Amino acid sequence: MDLGLTGKTALICAASKGLGRACALALAREAVSIVITGRGAETLEATAAEIRALTGASVRTAAGDITTEAGRAAALALLPEPDILINNAGGPPPGDFRDFTDQMWHDALNANMLTPIALIREVIDPMIAKKFGRIVNITSGSVKSPIPSIGLSNGARAGLTGFVAGLARQVARHNVTINNLLPGPFNTDRLRTTEARAATAAGISVEDAIAKRGATLPAGRVGDPEEFGAACAFLCAAHSGFIVGQNLLLDGGAFNSTMG
Ligand code: NAP
């Protein structure tokens, strides 16, 4: 299927690794010219070179922390009017809610709610003027099914979800869509770090811990980031203008319900 994205431009935040990288690669495969961000310049450059080699697409890099004004300005300086914006950043730390300080709450809200909203504010009017825009926020399955140990994430991401539910319906008539992708466990560095703790505790390898985690899901395995990237590219497709304000859960069937 031709997604109709040849020649479009995309800003993909926090994309030197993991789910962001997978979204960048999938869009580059559709001949989208991309800008990717990440704090670590070396990894970011290596990822850009890899995506260029795999796809032949134009890949530019903006090293910096996307949760800061300077980081966002650097990204937008390279691509002020992207056709596609993929919002992503690291997730907040886990813990007992009694230990979450006000600063931790502010940091979580900044990274996982206010930063994507700030970027949306910067790019949305040119999208409306062009009558084409695709915004995808990488959130978490925890928006739908809260994970008690990551209260900061549950709260901050739910705030973003509530806000964009309203905004998505204000801009849809201009062929500008906003949707969210909700990952369950995907095999990225973040998951490997989380599972490393479980592996040490159980005296098994990280690979075995990941396989064990995957075996608990209806799909029988954890997700492959490439699957996530493909879903992202689909939401960005020229034909996806009627998909508005949706929360697409990619969790191998973990969330148990008849509908929705
Ligand atoms: P990952 O493998 O650790 O990759 C994170 C990427 O984001 C890296 O490229 C990292 O590069 C970049 N990054 C992190 N913070 C950044 C910042 N402030 N500014 C710019 N770049 C930043 O993580 P992932 O698994 O892809 O997770 C992506 C998001 O999905 C996270 O919010 C995570 O909580 C959420 N999520 C993931 C899973 C999962 O199973 N993987 C499940 C649910 C939710 P630098 O460190 O160099 O900046």
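The rules behind the values
- Residues numbered from 1 in each chain as written.
- Predicted model: local features only at pLDDT ≥ 70, side-chain atom pairs only at ≥ 80, totals over all residues.
- Heavy atoms only, no water.
- Helix = DSSP H or I, 4+ residues; strand = E, 2+ residues; numbered from the N terminus.
- Rg over C-alpha atoms; globule rule 2.2 N^0.38 Å.
- Buried < 20%, exposed > 50% of the residue type's maximum accessible area, 1.4 Å probe, protein only.
- Areas by Shrake-Rupley, 256 points an atom, 1.4 Å probe, with all protein chains shown as cover.
- Lys, Arg positive; Asp, Glu negative; His and termini not counted.
- Charge placed at Lys NZ, Arg CZ, Asp CG, Glu CD.
- 1 Å grid on protein atoms, 1.4 Å probe; cavity = no way out; pocket = protein on both sides within 12 Å on 5 of 7 lines; lining within 4 Å.
- Points joined across faces, edges and corners; volume = space filled by probe spheres on them.
- Nonpolar A, V, L, I, M, F, W, Y, C, P; charged D, E, K, R; others polar.
- Near = heavy atom within 4 Å.
- Polar contact = N/O pair within 3.5 Å; in protein donor to acceptor, adjacent residues only side chain to side chain.
- Core = buried A, V, L, I, M, F, W, Y, C linked by side-chain atoms within 4.5 Å.
- Pairing = 2+ DSSP bridges.
- Axes fitted to C-alpha atoms, helices over the stretch in contact; angles between N-to-C directions.
- Contact = heavy atoms within 4.5 Å.
- Phe/Tyr/Trp six-rings, centres within 6.5 Å; stacked < 30°, edge-to-face > 60°.
- Lys NZ or Arg CZ within 6 Å of the ring centre and 35° of its normal.

S.K.: Tell me about the overall build of the chain, residues and numbers included.
M.R.: Each helix and strand counted, the chain has eight helices and seven strands in total. Computed over C-alpha atoms, the radius of gyration of the chain comes to 18 Å, within 12% of the 18 Å expected from 2.2 N^0.38 for 260 residues, which places it in the range of a compact globule. Looking at the 260 residues of the chain, the share that counts as buried comes to 47%. Accessible surface, the chain as shown: approximately 12,100 Å² in total, 56% of it carbon and sulfur. Mean positive and mean negative side-chain charge positions of the chain (23 and 23 charges, respectively) differ by 5 Å.

S.K.: Before we move on, could you go through empty space enclosed by the protein and cite the residues and values that matter?
M.R.: Evaluation of the coordinates by the stated rule reveals two cavities of 30 Å³ or more. Estimated volume of the largest cavity: approximately 80 Å³. For the largest cavity, the full set of lining residues is Ile 66, Asn 87, Asn 88, Ala 89, Ala 111, Asn 112, Thr 115, Pro 116, Ile 138, Thr 139, Arg 157 and Leu 160. Secondary-structure elements contributing two or more residues to the lining of the largest cavity are helix H4 (102–130) and helix H5 (151–171). Of the residues belonging to the lining of the largest cavity, the class tally is six nonpolar, five polar and one charged. Taken as a whole, the second largest cavity spans an internal volume of roughly 40 Å³. The wall of the second largest cavity is formed by Thr 161, Val 164, Ala 165, Ile 178, Asn 179, Asn 180, Gly 245, Gln 246 and Asn 247. Going through the elements one at a time, H5 and strand S6 (176–183) are the ones with two or more residues in the lining of the second largest cavity.

S.K.: Account for the site of the ligand, naming residues and giving values.
M.R.: The local shell around the ligand holds 27 residues, among which Ser 16, Leu 19, Arg 39, Ala 89 and Thr 188 are the closest. Between an oxygen atom of the ligand and a main-chain N or O atom of Lys 17, the distance comes to 2.8 Å. A distance of 2.8 Å separates an oxygen atom of the ligand from a polar backbone atom of Phe 186. When the ligand is considered free in solution it has 880 Å² of accessible area, and contact with the protein chains removes 89% of it. Sorting the residues of the shell around the ligand by element identifies helix H1 (18–29) and helix H6 (189–202) as the ones contributing at least two each. Class assignment for the residues of the shell around the ligand results in eight nonpolar, 13 polar and six charged.

S.K.: Now, about the nonpolar core: what can you tell me, with residues and values included?
M.R.: Among the nonpolar cores identified, the biggest contains 35 residues, and Ile 12, Leu 27, Ile 34, Ile 36, Ile 84 and Ile 86 are the most heavily contacted of them. The element contributing the most residues to this core is H1, with seven residues. Listed in part, the 26 residues of the second largest apolar core include Ala 62, Ile 66, Ala 75 and Ala 168.

S.K.: Before we move on, could you go through the sheet that holds strand S5 (residues 133–138) and cite the residues and values that matter?
M.R.: Spatial strand order, S3-S2-S1-S4-S5-S6-S7: seven strands in an open sheet with parallel pairing. Taken across any chain shown, the strands that pair with only one partner, and hence form the sheet edges, are strand S3 (59–63) and strand S7 (247–250). The sheet shows a mean angle of 15 degrees between the axes of neighbouring strands, direction not considered. Taken together, the four bridges between strand S1 (residues 9–12) and strand S2 (residues 33–38) define a ladder with parallel strand orientation. Each bridged residue has a counterpart across the sheet, and for Ala 10 the counterpart in S2 is Ile 34. The strands touched by helix H2 (residues 41–55) are S2 and S3; relative to S3, the strand with the most contacts, the crossing angle is about 170 degrees.

S.K.: Tell me about the packing of aromatic side chains, and please be specific about residues and values.
M.R.: One pass over the structure, following the stated rule, counts two aromatic pairs. On the numbers, 6.1 Å between centres and 90 degrees between planes, the contact of Phe 100 with Trp 105 is edge-to-face. Centroid distance Phe 186 to Phe 228: 5.3 Å. Interplanar angle 80 degrees. Geometry classified as edge-to-face. In this pair, Phe 186 sits in the loop between S6 and H6 while Phe 228 sits in helix H8 (residues 225–236), placing the two residues 42 residues apart along the sequence. Judged by relative accessible area, Phe 186 falls into the buried class, the value being 6%. The side chain of Lys 8 reaches across the aromatic face of Phe 132, ending 4.1 Å from its centre.

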